[in-house]
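# Structural description and commentary
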Amino acid sequence: MQDRSRNHLLGSLTDSDRDRLAAELQPVKLTLHRLLEVRGHDVEWNYFPESGIASVIAESSSGHSAETGVIGLEGMTGIGVLLGDRCAAQSIVMQIEGSGHRIAVHRMEALLAESDALRERLQLFARAFMIQTAHSALASGAGLLEQRLARWLLMLHDRVEGDGLAITHDYIATMLSVRRPGVSVALKVLEDQGLIRVNRGLIVVVDRQGLVMKSNGLYGSAEHEYRRLLQWPDDTRLVKVS
């Protein structure tokens, strides 16, 4: 691996565990809309993004879908594998393109069996991600659209370099499971309040702390748990990208 610490979860491993994984990891381009997991199918690869953001999508039998979590350079996909289940319960798709590394699931399972420290470290990430999904459910049930949108933009901002987010109104509507006109209105409110700047296909975070306030408590608790469980430094953003 060219830069083993670019993915924060990989960078937090012991030297021996990181070396074990490095021998198995393959570089991969994570193109926009690439499916990393498909609901109901066996997971073939665990991905460790170094840039870009993947959305975890819950889908109903009637065709409804909503995003339940996001994964970027702080973590990994294939969390079910860490818990002994290869079958994907949800789909995972790249919503912002990037790159990273991947390891075949059967090799990951072998490494987990060899190292208690590796298994325990990756399971702590799984725990942190489960907390994130719980707070996504809370936001969907208790938050106004503008508050949910503020939280979601902050979560993306945590996981990218700079302040620009390459996302469209349509995609936001799909991820938040709301109508597109509502997204347009909510974005206009946040823009009029000086929190973001909206261009075609790009949203720029202008006032991060203002977005935190706008989220009305929906953002922050899950991020605190990431820091507690994985012992990452308390910074203004979940992951320090500089």
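Described in the following lines is the structure provided in the data block. (Residues numbered from 1 in each chain as written. Predicted model: local features only at pLDDT ≥ 70, side-chain atom pairs only at ≥ 80, totals over all residues. Heavy atoms only, no water.)

### Some points on the pairing of strand 7 (residues 196-199)
- One ladder, built from four bridges, connects strand 7 with strand 8 (residues 202-205); its direction is antiparallel. Opposite Asn199, over in strand 8, you have Leu202 as the bridge partner.
- Counting the residues in the hairpin turn of strand 7 and strand 8 gives two residues, including Gly201, whose phi is positive at 70 degrees. (Pairing = 2+ DSSP bridges. Helix = DSSP H or I, 4+ residues; strand = E, 2+ residues; numbered from the N terminus.)

### A short note on the sheet that holds strand 8
- Reading across from one edge, 6-8-7 is the order of the three strands in this open sheet, with antiparallel pairing throughout. This sheet does not close on itself; its edge strands, each paired only once, are strand 6 (164-165) and strand 7.
- Lying over the sheet, helix 8 (residues 180-192) contacts strand 7 and strand 8, oriented at roughly 130 degrees with respect to strand 7. (Contact = heavy atoms within 4.5 Å. Axes fitted to C-alpha atoms, helices over the stretch in contact; angles between N-to-C directions.)

### A word on the layout of surface pockets
- Computed from the structure, the largest pocket encloses a volume of approximately 320 Å³.
- Along the wall of the largest pocket there are 21 residues; nearest its centre are Ile79, Gly80, Ala89, Gln90 and Phe129.
- Mapped onto the lining of the largest pocket, the elements with two or more residues apiece are strand 4 (65-71), helix 3 (79-82) and helix 5 (116-142).
- Here the residues of the lining of the largest pocket are counted per class, giving 12 nonpolar, six polar and three charged. (1 Å grid on protein atoms, 1.4 Å probe; cavity = no way out; pocket = protein on both sides within 12 Å on 5 of 7 lines; lining within 4 Å. Points joined across faces, edges and corners; volume = space filled by probe spheres on them. Nonpolar A, V, L, I, M, F, W, Y, C, P; charged D, E, K, R; others polar.)

### Considerations on the packing of helix 5 against helix 6 (residues 145-158)
- As a packed pair, helix 5 and helix 6 sit with axes 10 Å apart at the nearest point and diverge in direction by 155 degrees. Viewed along their axes, helix 5 and helix 6 adopt a mutual orientation that is roughly antiparallel. Considering how the two elements wind past one another, helix 5 and helix 6 form a crossing that is left-handed. Between helix 5, through Gln132, His135, Ser136, Ala139 and Ser140, and helix 6, the contact on the second element is made entirely by Arg148, Arg151 and Met155. (Parallel < 35°, antiparallel > 145°, perpendicular 65-115°, else oblique. Left-handed = near helix turned anticlockwise from the far one by under 90°.)

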